[in-house]
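Tertiary structure, described
So you can see what is in the structure, the chains are spelled out below.
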Amino acid sequence: MGKCIYRAATIGGFHTWRDFHAVIQNSEIVGSPTPNTNYVEVPGGNGHIDLTEALTGDVTYSNRTLTFELVMKTSPSLWPQIESRIYNSLHGKAVQVILDEEPSHYFYGRVTVESSARSRTAGQVNLSVDCEPYRYEIQETSVTFTGDAERQYVLTNDRMWVVPVITASKACSMVYGSSIIRLEEGEQKIADCILKEGDTQLYIFGDASVTFRYRKGCL
């Protein structure tokens, strides 16, 4: 079938229109993740102390909910098959969700079929997806630098902090912030090497090619 002219999404590899012939009826799909705040009252004092970023250095978020009201044409004889297929394909499964209107990003979460009902020639299935707070880029970022003590390199990241996978062609050293980090030949992850939002500057020392792989995420 051709391009879908209705609002649609791919949930766990199943396209709501092409696979289920269902139209997304609701306009608001993506819920907002709630910041995990931490306030401590000061006895005898004014206001409170904000410890929200004390543990990680950044704000963390609770999960967000995606909701789908799927409506499709049906008949009494076909409805049990349609209903069963959606349940068997999605209910309880951890899936990627890609909205047609945002094909460069995906959400990740677990699906619940909340309800299903048929009225004459129309059927409706309501889904919710308990998703991680960030939208993830479908295309993983991969950047390769060649060691040169005279040159500064920059890695750019989105809102979500991430520890990149680093692959060095041979052992070398890297200056990250105020630290000198030893890189071994091959693939590695270094917990202290965190790409925060924006630009991260670094130097690589040694005759080596170093590749950084990471997936960007935004709210």
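As shown above, the structure is provided for reference.
Residues numbered from 1 in each chain as written. Predicted model: local features only at pLDDT ≥ 70, side-chain atom pairs only at ≥ 80, totals over all residues. Heavy atoms only, no water.

**Examining the packing of aromatic side chains**
According to the stated counting rule, one finds six aromatic pairs in the structure shown. Taking the centre distance of 5.7 Å and the plane angle of 20° together, the rings of Phe-14 and Phe-20 count as stacked. Each member of the aromatic cluster is reached from another via a ring pair, and the members are Phe-145, Tyr-153 and Phe-212. (Phe/Tyr/Trp six-rings, centres within 6.5 Å; stacked < 30°, edge-to-face > 60°.)

**Structural notes on the nonpolar core**
Counting 23 residues, the largest nonpolar core has Ile-11, Leu-66, Phe-68, Val-97 and Leu-127 as its most contacted members. At the level of elements, strand E1 (9-11), strand E6 (64-73), helix H1 (79-90), strand E7 (94-99), strand E8 (105-119) and strand E9 (122-131) are the ones that each hand at least two residues to this core. Ignoring anything within four residues of it in the chain, the contact list for Phe-68 reads Ala-9, Ile-11, Ile-24, Asn-26, Ile-29, Val-97, Leu-99, Val-125, Asn-126, Leu-127 and Val-129. Grouped together as the second largest cluster of nonpolar side chains are 20 residues, Phe-145, Tyr-153, Leu-155 and Cys-172 included. (Core = buried A, V, L, I, M, F, W, Y, C linked by side-chain atoms within 4.5 Å. Buried < 20%, exposed > 50% of the residue type's maximum accessible area, 1.4 Å probe, protein only. Helix = DSSP H or I, 4+ residues; strand = E, 2+ residues; numbered from the N terminus. Contact = heavy atoms within 4.5 Å.)

**Quick notes on the side chain of Gln-188**
Among the secondary structure elements, Gln-188 is positioned in strand E16 (residues 186-189). A distance of 2.6 Å separates a polar atom in the side chain of Gln-188 from the backbone oxygen of Glu-184. In contact with Gln-188, not counting residues within four places along its chain, are Pro-164, Val-165, Ile-166, Ala-168, Arg-182 and Leu-183. (Polar contact = N/O pair within 3.5 Å; in protein donor to acceptor, adjacent residues only side chain to side chain.)

**A closer look at the side chain of Thr-141**
Relative to the helices and strands, Thr-141 is located in strand E11 (residues 141-146). For Thr-141, a relative accessible area of 15% puts it in the buried group. The residues touching Thr-141, leaving out its near neighbours within four places in the chain, are Phe-212, Arg-213, Tyr-214 and Lys-216.

**A look at the pattern of salt bridges**
The full count for this structure, using the stated rule, is six salt bridges. Between Glu-184 and Arg-182 there is a salt bridge whose closest N-O contact spans 3.9 Å. Classification of Glu-184 by relative accessible area gives partly exposed; the value is 43%. For Arg-182, a relative accessible area of 52% corresponds to the exposed category. What emerges from the salt-bridge pattern is a single network uniting Glu-140, Glu-187 and Arg-213. (Salt bridge = Lys/Arg side-chain N within 4 Å of Asp/Glu carboxyl O.)

**Some words on the environment of Thr-52**
Of note, Thr-52 is situated in the loop between strand E5 (48-50) and E6. The exposure class of Thr-52 is buried, given its relative accessible area of 14%. Separated by 17 residues in sequence, Thr-52 and Pro-35 place their C-alpha atoms 8.8 Å apart. With near-sequence residues (within four places) excluded, Thr-52 lies in contact with Asn-36, Thr-37, Asn-38, Tyr-39, Asp-58 and Val-59.

**A look at the environment of Thr-156**
Tracing the backbone shows Thr-156 in strand E12 (residues 153-157). Thr-156 sits in the partly exposed class, given a relative accessible area of 39%. Along the sequence, Thr-156 and Lys-216 sit 60 residues apart, while their C-alpha atoms lie 9.3 Å from each other. Once residues lying within four places of it in the same chain are set aside, the contact partners of Thr-156 are Gly-198, Asp-199, Tyr-214 and Lys-216. A polar side-chain atom of Thr-156 sits 2.9 Å from a polar atom in the side chain of Asp-199.

The values reported here are purely geometric and, on their own, carry no functional implication.
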